[in-house]
Amino acid sequence: MTATQADARTALRREVESAAKTVSSALKVLDRYGHADAAEAIRRTWADTTLRGTVVVVGEVKRGKSSVINAIAGARDLLPVDVDVCTSVPVQVLRSDENTEVIDLNFGDYVERAPLSELREWTTMNGARVSDPDTPELPTGVTVRVAGDHVPRALFIDTPGAGGLDREAIDIALERARGAGVLLMVCDATTPITAPEMDILARAAQAAGSVVVAVTKTDKNLRRWRAIVDDDRRLIREHLGRDVPVIGVSSLRAVDAAEMADPDRRARVEKTSGVAELRAHIAAEMARGALLSKVAALSMAESALEGVAASIDADIAAVDRAEEVVPELEARREELRRLRDHGQEWEQILSRNISVARQSIMANFDAEMDRIREHWIRTINNSGMKVLRSKPQVFTSRIEEELSAAAESTVNRQLEVLRREANALFGDDHEWEAMAGAALLSIAPGGAGDGRHSVASKTENLLDPSMLTLGIISGPAIASAGGGALAAMGLATIALPAAVIGGGWLGVNMAYRAMRNGKQHLVTWTRETVAALRMSVNRNIDTLVTTVRTEIVLRYRARLRREGDELKRRIEDARATARASEEERRQTLARLNRNKEIVAKVRADLATSAGTLRGVGR
């Protein structure tokens, strides 16, 4: 770590400590004024350490994507990188001190572990397991762990190469890059960035939070690689209309450096290899991403104190003009009585709005399922079985991506409707945060709405927070199942693995067996898989709606009771104030105004801290 980096980390630590003190002050105010639920949500969000940044590695075939990940990890043989090797399935690499000698094989609705030595067999086009016609199932994703403080805290996704017969892999890579914290585009130093590469970069960059280009194999073009990097930088600026970091990297020199015993020499070689700069860039983006839960908590606290400030203003008005305020408070109290007495009316309106929206959402989902089914049936009928069988994981991964994306989108749209209805009643996102957590848990495997508790253990890894936040940790978007950041950002956007969305997800792996039995079996499998997912999503949408609608009704009834009690207290205080002496009024006003100033200062400090932490890494 350089002196500059150490100074930056020290400054960041001071900013976080300062923000923590400000949050603590806000929590004391909220607790004092009876906002226990909001205070608990803020505490939970501030302490959230589950959020993980995502780095999606994309690029054409044979550009060295796997080699770059090995270089970043400092492990020569982590991912297969021979000349004749091409990655056939997305591989996730994450930093961990445990289970580094085994890999997780994701089979859609369950996960199995295998020795790290078998990674090549499961994840390359010519791997023994992939090419063996007797292998009953193939994974649609693999997780690898690597240890070391030098590895940025991020989830790296090595996507299948794009190009040639693997053009479908382009869409898979782009789907994986959707909302990525960092999109790492890999080119090489033998030639300036090509038109197809620029197209992939432009399309993926639209949804990524940050983009960096690694120009690999600089050791093979020592004379011209710097000129190539400059050309790439200029071409990208002209094509994308913005500057993008372009870093020359020699993956070979980087892994050589990792094996050097002398730390000074290792640091020098890593620097000249370019991997030190690449790691630093990724680490800076991940540091900013790791602060998002802190920023979310600060924003939540500021919003919650806005309600406290409004309450203090109401108390000031009750003291300052007691005679005028009492009739206004009595009118509001009567309105609350009517709402409580005629609860069926607003409950029926709520149910109607949700039902109408649900019908529209599910109609769109059904249409999308029909489109996906017909598209893949046409693809199967128009393709030779030899082509389909030669790239089985590309074929099945693409179907999995399309089905999962359609299901995610449907769940997200329904959640957004529910959030909108909840906020229309409650006026803020604080209640919604708790309801969203209950809703997501209700459709998780083993949850209240699942009915298949045995699945929970099989899908434990799929519910890891790093998967739940996959692809949505960039920019202002941040979410986790039940996490407070969901409410703070006012978003219903989530990313759920297929096992959560589908509940009864069949697993696309059955396609491998169907492939071996001919086109008709594959067509039948496609129809049955789409139909199964359609039924499962319908069931889970029903569970979501039932869970959240019940939560809304119960919580809103409780809020009406609390507000009624608060109005009763305020009316009594106003009447007492009307009878009080001028000196007593003056003292009460002075106390309330001091409280108002304290709340205003804490809110200002929260806003300042949030702004500072948002700017980290920019």
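Residues numbered from 1 in each chain as written. Predicted model: local features only at pLDDT ≥ 70, side-chain atom pairs only at ≥ 80, totals over all residues. Heavy atoms only, no water.

1. A few points about the overall build of the protein chain
Then comes step 1: When helices and strands are counted, the protein chain shows 24 helices and 9 strands.
Then comes step 2: Burial analysis of the protein chain (618 residues in total) assigns 53% to the buried set.
Then comes step 3: Element-wise, carbon and sulfur atoms account for 50% of the exposed surface of the protein chain, whose accessible area totals about 27,400 Å². (Helix = DSSP H or I, 4+ residues; strand = E, 2+ residues; numbered from the N terminus. Buried < 20%, exposed > 50% of the residue type's maximum accessible area, 1.4 Å probe, protein only. Areas by Shrake-Rupley, 256 points an atom, 1.4 Å probe, with all protein chains shown as cover.)

2. Here we look at helix H2 (residues 36–46)
Then comes step 1: Inspection of H2 places Ala 38, Ala 39, Ala 41, Ile 42, Thr 45 and Trp 46 among the buried residues, and these make up the whole buried set. The arc enclosing the buried residues of H2, seen along the axis, measures out at 160 degrees, which places them on a common side. (Arc of directions from axis to C-beta.)

3. Brief notes about the pattern of salt bridges
Then comes step 1: Enumeration over the complete set of coordinates arrives at 25 salt bridges.
Then comes step 2: Residues joined in a network through salt bridges with shared partners are Asp 366, Asp 370, Arg 373, Glu 374 and Arg 534. (Salt bridge = Lys/Arg side-chain N within 4 Å of Asp/Glu carboxyl O.)

4. A word on the sheet that holds strand E4 (residues 111–115)
Strand pairing in a sheet takes place through backbone hydrogen bonds and is either antiparallel or parallel in direction.
Then comes step 1: The 9 strands are arranged E4-E3-E5-E2-E6-E1-E7-E8-E9 in an open sheet whose pairing can be described as mixed. Each edge of the open sheet carries a strand with a single partner, namely E4 and strand E9 (246–248). Taking each pair of neighbouring strands and ignoring which way they run, the sheet shows an average axis angle of 25 degrees.
Then comes step 2: Packed on one face of the sheet, helix H8 (residues 225–240) meets strand E7 (182–188), strand E8 (211–216) and E9 and runs near 165 degrees to E9. (Pairing = 2+ DSSP bridges. Axes fitted to C-alpha atoms, helices over the stretch in contact; angles between N-to-C directions. Contact = heavy atoms within 4.5 Å.)

5. Section: the packing of helix H9 (residues 251–258) against helix H10 (residues 263–273)
Then comes step 1: Two elements in contact, H9 and H10, have axes separated by 8 Å at closest approach and are oriented at 165 degrees. In this view, H9 runs roughly antiparallel relative to H10, as classed from their interaxial angle. Judged by the sense of rotation from one axis to the other, the crossing of H9 with H10 is left-handed. Packed against H9, whose contacting residues are Arg 253, Ala 254, Ala 257 and Ala 258, the element H10 presents Arg 266, Val 269, Glu 270, Thr 272 and Ser 273 at the interface.
Then comes step 2: Considered class by class, the residues forming the contact of H9 with H10 number 4 nonpolar, 2 polar and 3 charged. (Parallel < 35°, antiparallel > 145°, perpendicular 65-115°, else oblique. Left-handed = near helix turned anticlockwise from the far one by under 90°. Nonpolar A, V, L, I, M, F, W, Y, C, P; charged D, E, K, R; others polar.)

6. Concerning the environment of Val 553
Then comes step 1: Within the secondary structure, Val 553 sits in helix H23 (residues 519–579).
Then comes step 2: Overall, the relative accessible area of 11% leaves Val 553 in the buried class.
Then comes step 3: Note: C-alpha distance between Val 553 and Leu 425 (128 residues apart in sequence) is 9.8 Å.
Then comes step 4: Not counting the four nearest positions on each side in its chain, Val 553 is found in contact with Trp 346, Glu 347 and Leu 350.

7. What to know about the environment of Arg 32
Then comes step 1: Position of Arg 32 among the secondary structure elements: in helix H1 (residues 3–32).
Then comes step 2: Its relative accessible area of 56% is what places Arg 32 among the exposed residues.

8. A word on helix H3 (residues 65–73)
Three- or four-residue spacings in an α-helix give side chains the same orientation, since the helix completes a turn every 3.6 residues.
Then comes step 1: A large share of H3 lies buried, amounting to 8 of its 9 residues.
Then comes step 2: Along H3, the residues that are buried comprise Lys 65, Ser 66, Val 68, Ile 69, Asn 70, Ala 71, Ile 72 and Ala 73.
Then comes step 3: Directly after H3, the chain includes Gly 74, whose backbone phi takes a positive value near 70 degrees.

9. Here's the deal with the nonpolar core
The tendency in soluble globular proteins is for nonpolar side chains to be buried as a group.
Then comes step 1: Val 93, Val 144, Phe 156, Leu 184 and Leu 278 are the most contacted members of the largest nonpolar core, which has 41 residues in total.
Then comes step 2: In this structure Phe 156 touches Val 55, Ile 69, Ile 72, Val 91, Gln 92, Val 93, Val 151 and Ile 282, once residues within four positions along its chain are discounted. (Core = buried A, V, L, I, M, F, W, Y, C linked by side-chain atoms within 4.5 Å.)

10. Section: the pairing of strand E6 (residues 154–158)
Then comes step 1: Counting buried residues in E6 gives 5 out of 5 residues, a clear majority hidden from the surface.
Then comes step 2: A two-sided burial pattern is seen for E6, the buried positions comprising Ala 154, Phe 156 and Asp 158 on one face and Leu 155 and Ile 157 on the other.
Then comes step 3: When strand E1 (residues 53–58) meets E6, the two strands line up parallel, connected through 5 bridges. Bridge pairing links Val 56 to Ile 157 in E6.
Then comes step 4: Both strand E2 (residues 91–95) and E6 contribute to a ladder of 4 bridges, which runs antiparallel. Within the sheet, the bridge partner assigned to Val 93 lies in E6 and is Phe 156.

Nothing here speaks to function; it is all geometry.
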